[in-house]
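These are the residues of each chain, in order.
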Amino acid sequence: MYSLVFVIGFLIIPSFCLFLLYKSNIKLLKPSIPSIFLWAYLCFAYIGILPLFFFWNDYRYTIGINNQEKIFYLWILSSLGLLIIVFIIFLLSKIQFFKVEDEEVTPDTKENLRLKIFMGILFIGVILVLAVYLSKIPRIPIIEELLGASASDVAKYRSLATNGFDGKLHWYRLVYAEVLTLISYYAFVMVYKNRSLYNILFFAATFSVRLFTSIMTTQKGPLIWYIIGMIIVYLIMTRKTLNLKYILGIFSFVFVTLILMYKYIMGLSNRPIGDVVQAFLSRAFTGQISPAYFYLELFPEKREFMLGQSFPNPMGIFPWEPVSITREVAKYMNPTVENTGVVASAPTVYWGEMYANFGLGGVIISSLALGMILYLCHIVLSKLELNALTIAYSTWIILYFKDLVFTSFSTIFLDIDLVLITMLFGAGYILTLNRQSIRTIIFNMDFKVRNFFEKELKHE
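Parameters at a glance
Residues numbered from 1 in each chain as written. Predicted model: local features only at pLDDT ≥ 70, side-chain atom pairs only at ≥ 80, totals over all residues. Heavy atoms only, no water. 1 Å grid on protein atoms, 1.4 Å probe; cavity = no way out; pocket = protein on both sides within 12 Å on 5 of 7 lines; lining within 4 Å. Points joined across faces, edges and corners; volume = space filled by probe spheres on them. Helix = DSSP H or I, 4+ residues; strand = E, 2+ residues; numbered from the N terminus. Nonpolar A, V, L, I, M, F, W, Y, C, P; charged D, E, K, R; others polar. Patch = residues over 30% accessible without salt bridge, like charges linked within 9 Å, V, L, I, M, F, W, Y side chains within 5 Å. Areas by Shrake-Rupley, 256 points an atom, 1.4 Å probe, with all protein chains shown as cover. Salt bridge = Lys/Arg side-chain N within 4 Å of Asp/Glu carboxyl O. Buried < 20%, exposed > 50% of the residue type's maximum accessible area, 1.4 Å probe, protein only. Contact = heavy atoms within 4.5 Å. Axes fitted to C-alpha atoms, helices over the stretch in contact; angles between N-to-C directions. Parallel < 35°, antiparallel > 145°, perpendicular 65-115°, else oblique. Left-handed = near helix turned anticlockwise from the far one by under 90°. Polar contact = N/O pair within 3.5 Å; in protein donor to acceptor, adjacent residues only side chain to side chain. Core = buried A, V, L, I, M, F, W, Y, C linked by side-chain atoms within 4.5 Å.

So, on to empty space enclosed by the protein. For the structure on display, the rule yields one cavity of 30 Å³ or more. Its volume calculated, the largest cavity comes out at about 40 Å³. As for the largest cavity, its lining consists of Leu-21, Pro-34, Phe-37, Leu-38, Leu-82, Ile-85, Val-86, Ile-89 and Leu-374. At the level of elements, α2 (33-45) and α5 (68-93) are the ones that each hand at least two residues to the lining of the largest cavity. Broken down by class, the residue content of the lining of the largest cavity amounts to nine nonpolar, no polar and no charged.

A contiguous nonpolar surface patch, about 880 Å² in accessible area, is contributed by Met-1, Leu-4, Val-5, Ile-8, Ile-12, Phe-16, Phe-19 and Tyr-22. Assignment of secondary structure puts Ile-8 in helix α1 (residues 2-23).

Let us look at unusual backbone geometry. With an omega of -10°, the peptide bond running from Phe-299 to Pro-300 counts as cis. Here Pro-300 is to be found in the loop between α14 (290-298) and α15 (325-333). A positive phi angle, near 65°, is found at Thr-218, a position not held by glycine. With respect to the helices and strands, the residue Thr-218 is situated in the loop between α10 (197-215) and α11 (221-238). Even without glycine at this site, Arg-239 takes up a positive phi of about 60°.

This paragraph deals with the pattern of salt bridges. Counted under the stated rule, the structure contains four salt bridges. Residue Lys-70 pairs with Glu-301 through a salt bridge whose shortest N-O separation is 3.2 Å. One end of the pair, Lys-70, is in helix α5; the other, Glu-301, is in the loop between α14 and α15, and 231 residues separate them in sequence. The exposed category is assigned to Glu-301, whose relative accessible area is 55%. In this structure, Arg-303 engages Glu-328 in a salt bridge whose closest nitrogen and oxygen atoms are separated by 2.5 Å. One end of the pair, Arg-303, is in the loop between α14 and α15; the other, Glu-328, is in helix α15, and 25 residues separate them in sequence. Overall, Arg-303 belongs to the partly exposed group, its relative accessible area being 25%.

Our focus in this paragraph is helix α8 (residues 151-161). For the α-helix, the turn length of 3.6 residues means that residues three or four positions removed from each other point alike. Restricting attention to buried positions, one finds in α8 the residues Val-154, Tyr-157, Ser-159 and Ala-161. At its buried positions, α8 is contacted by α6 (113-136), α7 (141-146) and α9 (169-193).

Our focus in this paragraph is the packing of α5 against helix α16 (residues 350-358). It is the contact of α5 with α16, at a shortest axis distance of 11 Å, that shows an interaxial angle of 110°. Compared by their axis directions, α5 and α16 come out roughly perpendicular. Along this stretch, α5 crosses α16, giving a crossing that reads as right-handed. For the pair formed by α5 and α16, the contact residues are Tyr-73, Leu-74, Leu-77, Ser-78, Gly-81 and Ile-85 on the first element and Tyr-350, Trp-351 and Tyr-355 on the second. Here the residues of the contact of α5 with α16 are counted per class, giving seven nonpolar, two polar and no charged.

So, about the side chain of Thr-217. Inspection of the secondary structure puts Thr-217 in the loop between α10 and α11. On the basis of relative accessibility, which here comes to 4%, the residue Thr-217 falls in the buried class. Reaching out from Thr-217, the side chain makes a polar contact with the side chain of Gln-219 at a distance of 3.0 Å. Apart from residues no more than four positions distant in its own chain, Thr-217 is found in contact with Tyr-133, Pro-141, Arg-158, Ala-161 and Thr-162.

With 134 residues, the main nonpolar core has Phe-37, Tyr-41, Tyr-133, Ile-289, Tyr-350 and Trp-351 as its most contacted residues. Per element, the largest residue contribution to this core is 16 residues, and it comes from α9.

The next subject is the packing of helix α18 (residues 388-402) against helix α19 (residues 416-432). In a pair of packed helices, the angle between the axes and the distance between the axes together describe the arrangement. Interaxial distance between α18 and α19 falls to 10 Å at its minimum, and their mutual angle equals 170°. With respect to their mutual orientation, α18 and α19 come out roughly antiparallel. Once α18 is placed against α19, the crossing between them reads as left-handed. In this structure, α18 uses Leu-389, Thr-390, Tyr-393, Trp-396, Ile-397 and Tyr-400 to contact α19, whose residues at the interface are Asp-417, Leu-418, Ile-421, Thr-422, Phe-425, Gly-428 and Tyr-429.

Shown next as structure tokens:
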């Protein structure tokens, strides 16, 4: 009976959420903030609970995910978070002021010289920052892997280049990953519209460097999401939606790429293909939600709720010393990991951090806030004129919010990545404007506001 309730609820809840999103005028196969977030949530924070509940995953069972009641509670929290987010999006979409009209807009094909120079200068800056970062790590993990280093040595070098980096890694990663990704998306749109020699060379350079930075630490996710981002750019640019051909293409690329990376980078070259496939399927569908189980086990039974101590504290303005909850949980999951010289981390879905801080109330409040944030940002993107810069920025923002399936909720507040990328977008956007464009924008904003209030007064 217990299992039957779980299975029925497990199938009904995502179906209901997909239906609500459809009724919210969100096209499920068209790239947008709500649609990509929903699919990412289902894949990485929901589906994996099924094999955990029935103990089908031997590895997860071995490391301690073996309490079915706790897994059932994990499913309840994951379902609750998803339901709240989708319901908030549905409610906002029914308010006249927040409705998003599905208009077919033709992308602007004009090239802007000032913007091209701006992007070129940014790319040079990225190269310089990348060079400084590489000079500060003892070894480049992917190079060591290709030279035949042992799996333990590669893991150690990966740790020194990421979690154990001696310095402000976030600032380097912001430039060589996020800024470079924005530039590369822009370059892709430009070369698609106009295959001039400059556009071809610029795209080839940005694409090559981003490929390298995606795999240099032997992490698998960055490369996969970068290529998926390219597909999203193409779909937005051509005003197309996902169909069976694109879905099969994405699946095939991800499948082949992960097999190659697991066999030749993760030290599984001597294992049969079946074991490799099982390893990456386990990592893909249960790897992100599994740490949430230990969040529920650790708080509040073994440690009191943190009450905000894991939140960022810029310049020490708040009366607490921030605690890295992902490292705290990683040490709880594997107390001996520090003896290996590897700095472990256990990130999970956005509500994991909020539960660790405030319990069930944290899950509810963060889901309410996230639903509003996702839909309001979706509205903003829908109002942007389509050109190379706005397509690149829209794609970056879409994939930025999907990261909340993998990381803490507090990251979106005072997040330097979001702030800097938005500032760069704003600076680039200003460069594309002339006086007439500015007057038109101001006039349109004034007209829409006045039109809204006139409609409201008529209703009264």
